[in-house]
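So you can see what is in the structure, the chains are spelled out below.
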Amino acid sequence: MGLTKQYLRYVASAVFGVIASPKANITFVQLRGERGRYMAVAACEHVFIWDIRKGEKVLILQGNKHEVTYLCAAPDGHHLAVGYEDGSIRIFNVMTGESNVTFNGHKASVTVLNYDSLGARLVSGSKDTEIIIWDVINESGLYRLKGHKDAITNVVFLKGRNFLVSSSKDTLVKWWDLDTQHCFQTMVGHRSEVWAFVLLSDEKRIMTGSSDSELRTWDIRYLDEEKEAGEPNVKKMKSPFENTEVTEEELNENPEDRLLKCQKIGSIFRQGRDRVVSLATDASNKIIACHGTDGVLEVFKILSEEEVNKMINKKQKKAKKKAKQKAESGESDVNLEPEVERTLKDEIQKVTNIRASGKIRSFNFLLLPNGELKVVMLLQNNTVEAYSLNLTVKMPECTKIARITIAGHRTDARTIAFSSDNIAVLSASAETVKIWNRSTLQCIRTMACEYTLCSLFVPGDRQIILGTKSGKLQLFDLSSGNLLETVDAHDGAVWSISLAPDQRGFVTGSADKMVKFWEFELVKDENTTQTRLSLNHIRTLQLDEDILSVCYSPNQRLLAVSLLDCTVKVFYTDTLKFFLSLYGHKLPVLCMDISDDSNLIATGSADRNVKIWGLEFGDCHRSLFAHDDSVMCLRFVPKTHLLFTAGKDRKIKQWDADKFEHIQTLEGHHGEVWCIAISPNGDHIVSSSHDKSLRLWERTREPIILEEEREMQREAEFEESMAKGNEPLVPGEKEGEAGLAGKKTIETVKAAERIMEAVELYREESKKLAEYNQACEVAGKKPSRYVLDVIRKVKSSEMEESLLVLPFSYIPDLLTLFNEYIQLSLEVELICRCLFFLLRIHFGQITSNQMLLTVIDSLRKNTIGKINEMKDVIGFNMAGLQLLQREIEAKEDVSFFADATERFQEKKRKRKKQERAILMVM
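Position labels on residues start from 1 in each chain and follow its written sequence. Two thresholds apply to this predicted model, a pLDDT of at least 70 for residue-level local features and 80 or more for giving and counting side-chain atom pairs, whereas whole-chain, interface and lining totals are computed over all residues. Just so you know, side-chain values use all the structure's heavy atoms and leave hydrogens and water out.

Colleague: Looking at this structure, how should I read the overall build of the chain?
Modeller: We count a stretch as a helix when DSSP gives it H or I for four or more residues in a row; a strand needs E for two or more, and each element gets its number in order from the N terminus. Within the chain, the secondary structure is distributed over 13 helices and 57 strands. Taking the principal axes of the C-alpha coordinates as reference, the chain spans close to 110 × 100 × 75 Å. Burial statistics for the chain: of 922 residues in total, 51% are counted as buried. What makes two residues a contact is simply this: any of their non-hydrogen atoms within 4.5 Å. Partitioning the intrachain contacts of the chain with sequence separation of at least 6 by distance along the chain shows that 49% fall at a separation of at least 24. Accessible area of the chain: about 45800 Å², with a carbon and sulfur share of 50%. Charged-residue counts in this description rest on Lys and Arg as positive and Asp and Glu as negative, His and the chain ends being excluded. Charge placement uses NZ in Lys and CZ in Arg. For Asp and Glu, CG and CD serve respectively. Taken as two groups, the 124 positive and 132 negative side-chain charges of the chain have centres that lie 5 Å from each other. Three exposure classes are used, based on accessible area relative to the maximum for each residue type with a 1.4 Å probe and protein chains only: buried under 20%, partly exposed in between, and exposed over 50%. Accessible areas in this description were obtained via Shrake-Rupley with a 1.4 Å probe; residue shielding takes into account the shown protein chains only.

The following block contains the structure:
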């Protein structure tokens, strides 16, 4: 038996280079008792919490593999709800960074999340057009609301009523009654998508933002309030509802209008002409802010009643003065007592515009008690900015108080390189080149550069060379961060650069159809007397097509050049004579590499294939269908025939160039992977992607067994197909506006299978009394208790969906077991929840089954009795806690007044002492 080749597994080690992903929003969080200092942003699949004051990352909330799409901080300030691209929602504890609650209900990415005023309920909207209400305390879904025809853009709970307001890209704003779970009002006054809305004036006014510069404002009239008050709901400004009273006929005429009526009263016009991206108000409803697709945040202030009256009186005086002047000039028919109508612009006034350094993706703000407005903005270019605005002055000016930029690039990093000592990592983009410490992932040097396409470390790791889109070569010194030299190397973009194996020079390939050879030389610096490194052009190879990639063979005998005509030409390095032509790709070869023994060359093309060639005769050993999109980068692992490829399909794959086998796939990026770099010792890989992130992958000591990998991959695909099957139908349920909140997932299917296995085990053990008793002696656990343990271990958020999958043949046994558990007072609350759900979905079959009559009757009696007992216990405990609370408050009040009296006496003594001193001096 021959020796088998052992492959070692590469695993994800860290994500860096991304400050904030633009797919999600930004929000303030309360940490260590401080408000306005810490903010949460999405970073691919993770959530980063940044300290604005220090510009440091203080906490990472670890995600799984799906990208974060929305963040919402809980009212208590200690929890953060995070929505993901696959439709799942996780709730994190900000203090510990742990997540114990996961909700699965949406079929597409989550677009909005919102808590109610107490933080007990969470509402989520998604691209699947559905809204789901979740019970945070019970960790379960309540129901889903269906009615919109496009992605949900915003959902808000009303504070005073059990209502919900939602907006969507289908141009509609809907009002939902959560008691009856139906839509009772639809606002149809928009011609395009409704992107955001806010509730104002104690929820008696709503402002919506659409695809134009108009912020439409509507008055809300609650008819039941007016009926109870017996008088019209008079508005502060002249509205269409003034001097109207609600009648009994009006309430009964249109069922939809029995709860409220909405009437448009005017609009506020923004400065921007594009669509509204975000529209928000602070907790006190004093400030409104909005922005479009540009970099300007517009801030509006809602004036108080006193300020509005003052302004109206000023206008009234001006109008009277003007009328008096007209009358004195001899004009007839002049009204000396003109009336000034109150408009929406009198109540909502523009404060200022805050102009950010880039396009705004999202913002959040806090109005502090001292009148300071703190604003944080998430920009599209991987930047977070913080501004401060003092609203107590007449003409407030905003000041930038923080900007987090060092930890990432503004644009995609298109080239990466490792230093020879495996410690430093170079990444370069369209505006900067950054040097990172691989072990700490800290950026240790940032230098401004031109649009960079390729790079390398000069031998010795003290300088770097960049090839730019404009055809220049830039030489930087790392110790000082200075640009040493800029060489006009080519007339087109420098697409590729390759270091000579003897480390005396390098070669560049450009879109100007030339390959140029360069060597390092030392020259005297013009500014100082010392010598410095410089570049000297020694040879040029002219070709007929644009050059996309160049690569030296490690023995420096050959030079491979990839051309735009889909071929790879190989030349002798010393004489530049033509040696081989490798043809077979249908699209241009974008990347290539040669193995350390100079025997194999691998080429990756835009036709999604990787071809492995022998470099001695130019024969194609194998063509591999590598990726689902263009292959962007290809690298051999040093001293092996293993290679890594990266593609636009967001994946990095490892291959064996001898056996032509796919070894492993590294998944994690959420955008096209532009480039990868492998450390000289082969232990680390760094990759760069369109999602702005740089990812570090580490080689472990764990071996990969290919057969097991394939089997695990097949199992994962099968499980995904199971979870994507048709949703189970509830007998008797009609397709309407409301439905079950949960979603069938692989976890719910597995939970149902575990319950079925436990019930089957219970059946078997119940038939064998003798063996059953013996098993009890050995295991110390009854089969019925085992079923309870299995049910208890099912996640609360997955309980309903797991029970929904169960066939009816298991229900009679479960009902019998539930009766036993309730009699023994075991998990009464959990069992009642399962019992009521099973009774609802299997009502027809249970009522028609005579065998279950005694069980159901026993359940009825036992359940009512046990629930009443639990109510008594809870009521007694609540009364005791309230008594303790009153005692503590009374003690605090006494101590508070005692402290206040002591302070007052101390001040009195100090004042008398000062008075005596003054008298003595006099």
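Colleague: Explanation requested: the packing of aromatic side chains in the structure shown.
Modeller: Within a pair of aromatic rings, the relevant descriptors are the distance that separates the centres and the angle that separates the planes. Put simply, two rings from Phe, Tyr or Trp (the six-membered ring, in Trp's case) pair if the centres are within 6.5 Å, and we call them stacked under 30 degrees between planes, edge-to-face over 60, tilted for the rest. Per the stated rule, a full pass over the model turns up 10 aromatic pairs. On the basis of an interplanar angle of 75° and a centroid distance of 5.9 Å, the ring pair of F571 and F578 is categorised as edge-to-face. Of the residues examined, F571 reaches a relative accessible area of 5% and is grouped as buried. Here a set of aromatic residues connected by ring pairs shows up, and it is made of F506, W518 and F520. Its end group placed over the ring of W195, R275 keeps NZ or CZ at 3.8 Å from the ring centre. Charge-over-ring contacts are defined here by two conditions on Lys NZ or Arg CZ: a distance within 6 Å of the ring centre and an angle within 35 degrees of the ring normal. We note R557 situated over the ring of F579; from NZ or CZ to the ring centre the distance is 5.7 Å.

Colleague: How do you make sense of the environment of P703 when you look at a structure like this?
Modeller: Mapped onto the elements, P703 comes out in strand β56 (residues 694-704). As for P703 and K586, which are separated by 117 residues in sequence, their C-alpha atoms are 36 Å apart. Sequence-distant contacts of P703, defined by excluding residues within four places in its chain, comprise Q6, Y7 and L8.

Colleague: Could you clarify how one ought to interpret a nonpolar patch on the surface in this entry?
Modeller: For patches, a residue must show more than 30% relative accessible area and have no salt bridge; joins then use 9 Å for like charges and 5 Å for nonpolar side chains, namely Val, Leu, Ile, Met, Phe, Trp and Tyr. Basic side-chain nitrogens of Lys or Arg form a salt bridge, by our definition, when they fall within 4 Å of a carboxyl oxygen of Asp or Glu. Among the surface-exposed residues, I874, M878, L881, L884 and I888 lie close enough to one another that they form a single nonpolar patch of about 490 Å² accessible area. Mapping I888 onto the fold places it in helix α13 (residues 853-921).

Colleague: Explain the packing of helix α8 (residues 783-793) against helix α10 (residues 811-823) to me, please; I cannot follow it from the model alone.
Modeller: Helices that pack against each other are described as a pair by the angle of their axes relative to one another and the distance between those axes. Taken N-terminus to C-terminus, the directions of α8 and α10 make an angle of 95°; their axes are 11 Å apart at the nearest point. In terms of their interaxial angle, α8 and α10 are classed as roughly perpendicular. Side by side, α8 and α10 meet where S784, R785, V787, L788 and I791 of the first sit next to L814, L817, F818, E820 and Y821 of the second. Residue classes in the contact of α8 with α10 are distributed as seven nonpolar, one polar and two charged. Only the contacting stretch of a helix is used when fitting its axis, a line to C-alpha atoms as for every element, and angles between N-to-C directions run 0 to 180 degrees. Any angle that is under 35 degrees is reported as roughly parallel, and any over 145 degrees as roughly antiparallel; angles of 65 to 115 degrees are reported as roughly perpendicular and all others as oblique. Only Asp, Glu, Lys and Arg are considered charged, only Ala, Val, Leu, Ile, Met, Phe, Trp, Tyr, Cys and Pro nonpolar, and every remaining residue, Gly among them, polar.

Colleague: What is the right way to look at a negative patch on the surface in this model?
Modeller: Together, E753, E757, E760 and E764 make up a negatively charged patch on the protein surface. Structurally, the position occupied by E757 is in helix α6 (residues 746-767). E757 gets classed as exposed once you look at its relative accessible area, which sits at 52%.

Colleague: How should I be thinking about the sheet that holds strand β49 (residues 620-625) in this particular structure?
Modeller: Two orientations exist for strands paired in a sheet by backbone hydrogen bonds: parallel and antiparallel. Across the sheet, which stays open at both edges, the four strands sit in the order β46-β47-β48-β49 with antiparallel pairing between neighbours. In this open sheet, the two strands that pair with only one neighbour each are β46 (589-594) and β49. Across this sheet, the average inter-strand angle for adjacent strands is 15°, counted without regard to direction. As paired elements, strand β47 (residues 600-605) and strand β48 (residues 609-614) share five bridges and run antiparallel to each other. By the bridge assignment for β48, I601 is matched with W613. A pair of strands is labelled paired if DSSP reports no fewer than 2 bridges between them.

Colleague: Hey, could you run me through the side chain of E45 in this one?
Modeller: Examined against the element boundaries, E45 turns out to sit in the loop between β3 (34-43) and β4 (46-51). On the basis of relative accessible area, E45 is assigned to the buried category, the value being 5%. In this structure the side chain of E45 is engaged in a polar contact, spanning 3.1 Å, whose partner is the side chain of H670. Among the polar contacts listed, one links the side chain of E45 to the side chain of R695, at a separation of 2.8 Å. Excluding its chain neighbours within four sequence positions, the residues that come into contact with E45 are V15, G63, N64, K65, H66, E67, V68, Y84, G668, H670 and R695. Each polar contact in these results corresponds to two N or O atoms within 3.5 Å; when the atoms are within protein, one needs to be able to donate a hydrogen and the other to accept it, and residues that are neighboring in sequence are counted only if both atoms are side-chain atoms.

Colleague: Got a minute to help me understand the pattern of salt bridges in this structure?
Modeller: A side chain with one charge can pair with a side chain of the opposite charge if their charged atoms come near. Going through the model one piece at a time under the given rule, you end up with 31 salt bridges. In this structure, E869 engages K866 in a salt bridge whose closest nitrogen and oxygen atoms are separated by 4.0 Å. Taken together, the residues span about one helical turn, with E869 and K866 both in helix α13 at a distance of three residues. Given the relative accessible area of 16%, K866 is considered buried. Residues R909 and E906 are paired through a salt bridge, measuring 2.6 Å at the closest nitrogen-oxygen approach.

Colleague: Just checking my understanding: could you explain the pairing of strand β24 (residues 296-302) for this structure?
Modeller: Regular strands have side chains that alternate between both faces of the sheet. Among the seven residues in β24, six count as buried, and that is most of the element. Two strands pair when backbone bridges link them, and strand β23 (residues 287-291) and β24 are joined in this way by five bridges, in the antiparallel orientation. If you follow I288 over to β24, its bridge partner there is F300. Counted between consecutive antiparallel strands, the loop separating β23 from β24 contains four residues.

Colleague: Please explain the side chain of S213 as it appears in this structure.
Modeller: Tracing the sequence through the fold places S213 in the loop between β19 (205-209) and β20 (214-222). Separated by 3.2 Å, the side chains of S213 and R273 make a polar contact.

Colleague: Got a minute to help me understand the sheet that holds strand β25 (residues 348-355) in this structure?
Modeller: Strand order across the open sheet formed by four strands is β22-β23-β24-β25, with antiparallel pairing between neighbours. Of all strands in the sheet, those bounded by a partner on one side alone are β22 (278-281) and β25. Looking at each pair of strands side by side, their axes are set apart by 20° on average, direction ignored.

Colleague: What's the story with the environment of Y222 in this structure? I'm lost.
Modeller: Among the secondary structure elements, Y222 is positioned in strand β20. The class of Y222 is buried, set by a relative accessible area of 3%. Separated by 39 residues in sequence, Y222 and K261 have C-alpha atoms that sit 6.7 Å apart. Ignoring any residue separated from it by four or fewer positions in sequence, one finds Y222 in contact with L158, R161, W175, E203, K204, L259 and L260. Among the polar contacts made by the side chain of Y222, one reaches the main-chain carbonyl oxygen of E203 at a distance of 2.6 Å.

Colleague: Help me understand unusual backbone geometry, please; the structure alone is not making it clear to me.
Modeller: Most peptide bonds are trans, and most residues other than glycine sit at a negative phi. Here E203, not a glycine, exhibits a phi torsion of approximately 65°, which is positive. Take E203: its relative accessible area is 13%, and that puts it in the buried class. In this structure, S598 takes a positive phi of about 60° despite not being glycine. Among the structural elements, S598 can be located in the loop between β46 and β47.

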